[in-house]
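Descriptive analysis of the structure
If you want the building blocks of each chain, they are given just below.
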Amino acid sequence: MALKIWLDDKLVDEADAKVSVFDHGLLYGDGVFEGIRVYNGRVFELEAHIVRLYESAKVIRLEVPIGKSGLLGAIEKTVEANGVVDGYIRLVITRGVGTLGLNPFICKSSRLIIIADKIQLYPEELYEKGMKVISTVTVRNHPLAIPPQVKSLNYLNNILAKIEALDNDVPEAIMYNHEGYVAEATGDNVFIVRNGVIYTPPAEAGALEGITRALVIRLAEEQNFRVVEKNLTRHDLYVCDEFFLTGTAAEVIGIVDIDGRVIGDGRPGPVTRLLREEFFKYAHRKEK
Ligand code: PMP
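None of these values were measured; they are calculated from a predicted model.

Before going further, it helps to spend a moment on the sheet that holds strand E1 (residues 4-7). Spatially, E2-E1-E6-E5-E3-E4 is the arrangement adopted by the 6 strands of the open sheet, whose pairing is antiparallel. Each end of this open sheet is capped by a strand with a single partner; those strands are strand E2 (10-13) and strand E4 (42-43). Lying on the sheet, helix H2 (residues 46-59) is in contact with strand E3 (31-39), E4 and strand E5 (87-94); it crosses E3 at an angle near 175°. The sheet strands contacting helix H3 (residues 68-81) are E1, E2, E3, E4, E5 and strand E6 (111-117), and the helix crosses E6 at an angle near 35°.

Structure (structure tokens):
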């Protein structure tokens with residue numbers, strides 16, 4: 001079924017949802033985006049996604065072409081028009097139409113795109129058995145070159161890493177920064193467990209401040225786990241007791257092998273399974 005897409009200030013048919021070839025989002029990856037889940041008809045962690053979107057836009061001096069309440073209304077209308085009860089929202093703001101030069105300030109009006117659709121999840125089997133990953137040769141963007149906290153349309157660094165993963169027949173890969181510390185996966189944040197303590201790299205290491213990451217930290221602390229943000233090395237990943245990734249699409253997924261090193265007993269461990277369960281309960285809770 002053809003979708004209804006929100007474009008700037010209204011819903012249009014999918015076939016009419018078009019942007020110019022002169023849009024700097026296309027020409028330069030100049031823009032920001034968010035990926036948001038819908039569970040049981042409720043838009044998940046919406047406030048946090050909106051905050052991150054406005055912060056990303058501010059850093060790249062991009063004007064969000066709509067106020068916050070207008071944006072919330074647009075999201076709601078797009079979800080409703082497409083009958084999405086459990087699905088995914090892609091919110092994109094491009095710099096808009098400019099010239100073939102870089103100058104972003106020539107682009108008069110940034111453009112808002114909202115797509116609400118079904119989501120392609122990893123197969124259930126992968127959650128039960130756990131996933132294999134590799135370490136990439138591609139180094140994560142230097143955090144002083146492209147701030148990792150900005151969820152920009154420029155994903156080439158991650159795409160190069162994803163190609164390495166796919167070339168090695170695994171769905172995800174771990175990226176390291178210029179100092180050799182763990183940054184993140186191509187579309188997910190990294191966590192490990194060692195001696196009952198949970199560790200995750202800080203944003204400064206080159207990680208997006210994931211909404212799922214923040215939620216999982218909170219859920220873990222509610223379960224009385226100590227969660228430490230700390231630089232991690234490849235060695236830390238190889239010898240940890242448990243290893244998992246978090247992200248809007250993946251939720252919480254156990255990693256059981258990295259570069260041929262088996263993690264724990266080769267199955268997602270108890271902390272990973274508990275946090276996945278807590279995440280599920282929270283996402284599917286009945287109250288607002
Ligand atoms: N890192 C990167 C590079 C991402 O693109 C994403 C989102 N897919 C994440 C981490 C996870 O962030 P979130 O939990 O907000 O989806």
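The biggest cluster of nonpolar side chains holds 24 residues, and the ones touching the most others in it are Leu71, Ile75, Ile89 and Ile114. With near-sequence residues (within four places) excluded, Ile114 lies in contact with Ile5, Trp6, Leu71, Ala74, Ile75, Thr78, Ile89, Arg90 and Leu91.

By the element assignment, Ser135 lies in strand E7 (residues 131-139). Within the structure, the side chain of Ser135 is placed 2.7 Å from the side chain of Tyr176, a separation counted as a polar contact. At 2.7 Å, the side chain of Ser135 forms a polar contact with the side chain of Asp259. Setting aside its immediate chain neighbours within four residues, Ser135 contacts Glu164, Ile174, Tyr176, Arg234, Tyr238, Ile258 and Asp259.

Turning our eyes to something else, we now look at the side chain of Thr94. Note on placement: Thr94 falls in strand E5. Judged by its relative accessible area of 6%, Thr94 is buried. When sequence neighbours within four positions are dropped, the list of residues in contact with Thr94 reads Asp23, Gly25, Asp30, Gly31, Leu62, Ser110, Arg111, Ile113 and Leu153.

Quick look at the pairing of strand E14 (residues 251-258) now. Counting buried residues along E14, 8 of its 8 residues qualify, which places the element largely inside the surrounding structure. Sheet topology note: the E7/E14 ladder contains 3 bridges and is parallel. Residue Met131 lies in a different strand from E14, and its bridge partner there is Ile255. Pairing of strand E13 (residues 242-247) with E14 involves 4 bridges; the strand directions are antiparallel. Pairing of Gly247 across the sheet is with Glu251, part of E14.

About the cut-offs
- Residues numbered from 1 in each chain as written.
- Predicted model: local features only at pLDDT ≥ 70, side-chain atom pairs only at ≥ 80, totals over all residues.
- Heavy atoms only, no water.
- Pairing = 2+ DSSP bridges.
- Helix = DSSP H or I, 4+ residues; strand = E, 2+ residues; numbered from the N terminus.
- Contact = heavy atoms within 4.5 Å.
- Axes fitted to C-alpha atoms, helices over the stretch in contact; angles between N-to-C directions.
- Core = buried A, V, L, I, M, F, W, Y, C linked by side-chain atoms within 4.5 Å.
- Buried < 20%, exposed > 50% of the residue type's maximum accessible area, 1.4 Å probe, protein only.
- Polar contact = N/O pair within 3.5 Å; in protein donor to acceptor, adjacent residues only side chain to side chain.

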